[in-house]
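# Survey of secondary and tertiary structure
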Amino acid sequence: MVGKILITPKSYKNYKEDAHRLLKQQGYEIIENNLGRTMTETEIIEAAKEDVVGIIVGVDPLPSQVLSECKALRAISKYGVGMDNIDLKKAEELGIKVQNAVGTNAVSVAEHAIGLMFACSRHLFELVRDVKDFSWNRKIGFELTEKKLGVIGGGQIGREVAKRSVGIGMNVTIYDPYFKDGGFLEEYGIEKQDDLSLVLETSDLVTLHLPANEETKGLINKETLKLMKSTAVLINTSRGELVVESDLYEALVNEEIAFAAQDVYSSEPPKQGDPLIGLPNFLLTPHSGAYTHEAVKRMVMISTQNLVNLLNMKI
Ligand code: NAD
């Protein structure tokens, strides 16, 4: 036995056979999270403090203290993309290698974001719910075609959303200070704008596809919400921390913007009685953007292969 591997993501089990075979061939013993939920810091320390050399981690917390307590840990493989749950600085300090599974879920999350756009533009949630109550009510919606979409963050997911939105007939603008791929913009007829305020002021829909970090946390707040059109829709499939939820609540109640739909939240699941959840013009799905057969298969295999590669690296 060359060490133990802790695997935390719940959905990993759906397609684990080939991945487990790969780990066992390498001589690793596997510890699975069988709690049916995200692990706590204490549970991770308990499971990994002795001879766990690698962790395949979902959204479970890996702050400084957890990393320090896991004495044998040499590598972390993120099952997905966003690494805001891992203290990357501490990992580097401790010589723990970290890698994410780039692009494995981009198509799934992009399709989910577009689904949320339609859910808002056509009131799909309310219409279906009313009919199930045998109430035959219509609610006037609006077409996405020819509407202006502001894509904040033009990485793997932002680009998949942008491409598809062009296909729907939307006018797409990307805001991303680090965006470099000019060929992509030309190929799809997409505009790039360097002034975030202008994107927020002019977009009919705004969709967030950027990481949560010190620069981006609270990007959507009282001030930036005020810039948006009163008819605007906000979509967030990235991270709850990007939006100041109390400010979003005020903006939705005061009709400063029309709708918001998210797949992520500051607390997942949200706390009982959270007022934002009860608003009719706010939709939340349970962090399921990447939860498709296709994305899960890719995330399982790529994150496992990444971990094996990290552990086999000489330096
Ligand atoms: P990515 O790294 O490919 O793209 C992120 C983009 O954001 C990059 O192009 C970067 O330049 C840009 N960016 C960084 N700071 C910015 C800023 N201040 N303003 C504008 N743009 C900025 O990542 P991705 O694969 O596209 O994922 C985006 C985010 O989606 C992830 O960070 C993660 O939080 C989230 N995500 C959610 C789910 C889900 O299930 N809902 C699944 C996967 C990823």
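Criteria and cut-off values
- Residues numbered from 1 in each chain as written.
- Predicted model: local features only at pLDDT ≥ 70, side-chain atom pairs only at ≥ 80, totals over all residues.
- Heavy atoms only, no water.
- Helix = DSSP H or I, 4+ residues; strand = E, 2+ residues; numbered from the N terminus.
- Rg over C-alpha atoms; globule rule 2.2 N^0.38 Å.
- Buried < 20%, exposed > 50% of the residue type's maximum accessible area, 1.4 Å probe, protein only.
- Contact = heavy atoms within 4.5 Å.
- Areas by Shrake-Rupley, 256 points an atom, 1.4 Å probe, with all protein chains shown as cover.
- Lys, Arg positive; Asp, Glu negative; His and termini not counted.
- Charge placed at Lys NZ, Arg CZ, Asp CG, Glu CD.
- Near = heavy atom within 4 Å.
- Polar contact = N/O pair within 3.5 Å; in protein donor to acceptor, adjacent residues only side chain to side chain.
- 1 Å grid on protein atoms, 1.4 Å probe; cavity = no way out; pocket = protein on both sides within 12 Å on 5 of 7 lines; lining within 4 Å.
- Points joined across faces, edges and corners; volume = space filled by probe spheres on them.
- Nonpolar A, V, L, I, M, F, W, Y, C, P; charged D, E, K, R; others polar.
- Pairing = 2+ DSSP bridges.
- Axes fitted to C-alpha atoms, helices over the stretch in contact; angles between N-to-C directions.
- Parallel < 35°, antiparallel > 145°, perpendicular 65-115°, else oblique.
- Core = buried A, V, L, I, M, F, W, Y, C linked by side-chain atoms within 4.5 Å.
- Domains from an automatic or database assignment.
- Phe/Tyr/Trp six-rings, centres within 6.5 Å; stacked < 30°, edge-to-face > 60°.

## Here we look at the overall build of the protein chain
The helix and strand inventory of the protein chain stands at 13 helices and 12 strands. Relative to the globule expectation of 20 Å for 315 residues, the C-alpha radius of gyration of the protein chain, 21 Å, shows essentially globular dimensions. Each principal axis of the C-alpha atoms in the protein chain carries an extent, and together these give about 65 × 50 × 35 Å. Among the 315 residues that make up the protein chain, the fraction classed as buried is 47%. Partitioning the contacts of the protein chain with sequence separation of at least 6, the portion at a separation of at least 24 is 60%. Accessible area of the protein chain: about 15700 Å², with a carbon and sulfur share of 52%. When the 35 basic and 44 acidic side-chain charges of the protein chain are each reduced to a single mean position, those positions are 5 Å apart.

## Concerning the site of the ligand
Looking at the ligand, there are 25 residues lining it, with Gln156, Ile157, Asp176, Thr237 and Asp263 nearest. A distance of 3.3 Å is found between an oxygen atom of the ligand and a backbone nitrogen or oxygen belonging to glycine 155. Contact with the protein chains removes 87% of the 860 Å² of surface that the ligand exposes when unbound.

## Let's talk about empty space enclosed by the protein
Scanning the model with the defined rule gives one cavity of 30 Å³ or more in all. One number sums up the size of the largest cavity: a volume of about 60 Å³. What lines the largest cavity is simply Ala119, Cys120, His123, Leu124, Phe125, Glu126, Phe259, Pro280, Asn281, Phe282 and Leu283. Looking at the lining of the largest cavity, the elements with two or more residues in it are helix H5 (106-121), helix H6 (124-132) and strand S12 (282-284). Here the element with the most residues in the lining of the largest cavity is H6; it accounts for three residues. Along the lines of polarity and charge, the residues of the lining of the largest cavity split into eight nonpolar, two polar and one charged.

## With respect to the sheet that holds strand S5 (residues 97-100)
Here five strands make up an open sheet; going across it, the order is S2-S1-S3-S4-S5 and the pairing parallel. Among the strands making up the open sheet, the edge pair consists of strand S2 (29-32) and S5. Geometrically, the sheet is characterised by an average inter-axis angle of 15 degrees between neighbouring strands, direction not taken into account. Most of the contacts of helix H1 (residues 17-25) go to S2, to which it runs at about 140 degrees, and overall it touches strand S1 (4-7) and S2. Sheet strands in contact with helix H13 (residues 293-312) are S1, strand S3 (52-57), strand S4 (75-78) and S5, and its direction is about 160 degrees off that of S4.

## Quick word on the side chain of aspartate 176
Mapped onto the elements, aspartate 176 comes out in the loop between strand S7 (171-175) and helix H8 (182-188). Here the side chain of aspartate 176 touches glycine 154 through a polar contact of 2.8 Å, landing on its backbone nitrogen. With residues near it in sequence (within four places) discarded, aspartate 176 still touches Gly153, Gly154, Gly155 and Lys192.

## Concerning the packing of H1 against H13
H13 packs onto H1 with a crossing angle of 10 degrees between their chain directions and a minimal axis gap of 9 Å. By the angle between their directions, the pair H1 and H13 is classed as roughly parallel. Of the residues in H13, those touching H1 at Asp18, Ala19, Leu22 and Leu23 are Val300, Met301, Thr304, Gln305 and Val308. Residue composition of the contact of H1 with H13, by class: six nonpolar, two polar and one charged.

## Some details on the layout of surface pockets
Counted as a void, the second largest pocket has a volume near 220 Å³. Together, Leu116, Ala119, Leu124, Phe125, Ile277, Gly278, Leu279, Pro280, Phe282, Leu283, Leu284 and Thr285 line the second largest pocket. Of all the elements in the fold, those that place two or more residues in the lining of the second largest pocket are H5, H6, helix H12 (275-278) and S12. Its residues placed into classes, the lining of the second largest pocket shows 10 nonpolar, two polar and no charged.

## Details of the nonpolar core
Core analysis: the biggest nonpolar cluster contains 47 residues, and Ile5, Tyr12, Met117, Leu149, Ile174 and Ile235 have the highest contact counts within it. Per element, the largest residue contribution to this core is nine residues, and it comes from H5. Domain assignment of the residues forming this core places at least three in each of domain 1 (4-104 + 293-311) and domain 2 (106-284). Excluding its chain neighbours within four sequence positions, the residues that come into contact with isoleucine 174 are Val151, Gly154, Ala162, Phe179, Phe184, Leu185, Ile190, Glu191, Lys192 and Gln193.

## Regarding the packing of aromatic side chains
Overall, the coordinates contain four aromatic pairs when judged by the stated rule. Centroid distance tyrosine 12 to tyrosine 79: 6.0 Å. Interplanar angle 50 degrees. Geometry classified as tilted. Separated by 67 residues along the polypeptide, tyrosine 12 in the loop between S1 and H1 and tyrosine 79 in the loop between S4 and helix H4 (88-94) bring together distant segments of the chain. Among the aromatic side chains, those forming a connected cluster through ring pairs are Phe179, Phe184 and Tyr188.

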